[in-house]
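Structure assessment
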Amino acid sequence: MVSGLINENPIVYEIKERRDVRAYSSNTDELSVDAIDQLEVFDILFVRLSNSKALSHHIRDIKDPEHPYSLEQLKVLTEDSVEVDDTKSHVRVTFTPTVEHCSMATIIGLCVRVKLMRSLPSRYKIDIRVAPGTHATEAAVNKQLNDKERVAAALENPNLVEMVDECLSPSFE
């Protein structure tokens, strides 16, 4: 992860029980569009076959860049921090850094954006925000995370992509 921790002793919270989002699909037609809700985005499923075993990974499981905990365990992301307007194809995720001067806020937001870009249908507009009043440079972080050109430039940087991929990789706990 990172040397010289910004928040050496974060508070670790208990995580919420998971639901199987695949069990809630009422439509069996593969060409139909299923509505997406807040919990489904929080529990967004990513299934990959590895060694003949299915692994699931959700935005709640994105790892913190500094600590061996998920963003949910650190209460950086909660179910209530996700807003979905399925009719307008809009998803907004508001995250809360663990400290006001968190230097990893942009990386955390980029991880959430990349996870949603990879998981949601392309019709969705994704808006990532720092919770109001929770970061010293909130406006600058929000501007970076929602500027397509800045996000594209960040994703061309191999070091940043490696860090994002590490945060998004499933844990085998």
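Remember, predicted model here, so these are calculated numbers, not experimental data.

**Here we look at the pattern of salt bridges**
This model, assessed by the stated rule, comprises six salt bridges. The partner of E72 in a salt bridge is R60, with the nearest N and O atoms 2.9 Å apart. Of this pair, E72 sits in the loop between strand 2 (53–55) and strand 3 (82–85) while R60 sits in the loop between strand 2 and strand 3; the two residues are twelve residues apart in sequence, bridging distant segments of the chain. Exposure class is identical for E72 and R60. Each is buried. Between D127 and R129 there is a salt bridge; the shortest N-O distance is 3.2 Å.

**Quick notes on the sheet that holds strand 3**
With mixed pairing, the three strands of this open sheet are ordered in space as 3-4-5. If you trace the sheet from one side to the other, it starts and ends with strand 3 and strand 5 (125–130), each paired once. Ignoring strand direction, the axes of neighbouring strands in this sheet form an average angle of 15°. Set on the sheet, helix 2 (residues 105–119) makes contact with strand 4 (90–95) and strand 5; between it and strand 5 the angle comes to about 160°.

Here is what the cut-offs are and how they apply
- Residues numbered from 1 in each chain as written.
- Predicted model: local features only at pLDDT ≥ 70, side-chain atom pairs only at ≥ 80, totals over all residues.
- Heavy atoms only, no water.
- Salt bridge = Lys/Arg side-chain N within 4 Å of Asp/Glu carboxyl O.
- Helix = DSSP H or I, 4+ residues; strand = E, 2+ residues; numbered from the N terminus.
- Buried < 20%, exposed > 50% of the residue type's maximum accessible area, 1.4 Å probe, protein only.
- Pairing = 2+ DSSP bridges.
- Axes fitted to C-alpha atoms, helices over the stretch in contact; angles between N-to-C directions.
- Contact = heavy atoms within 4.5 Å.

By themselves these figures say nothing about function.
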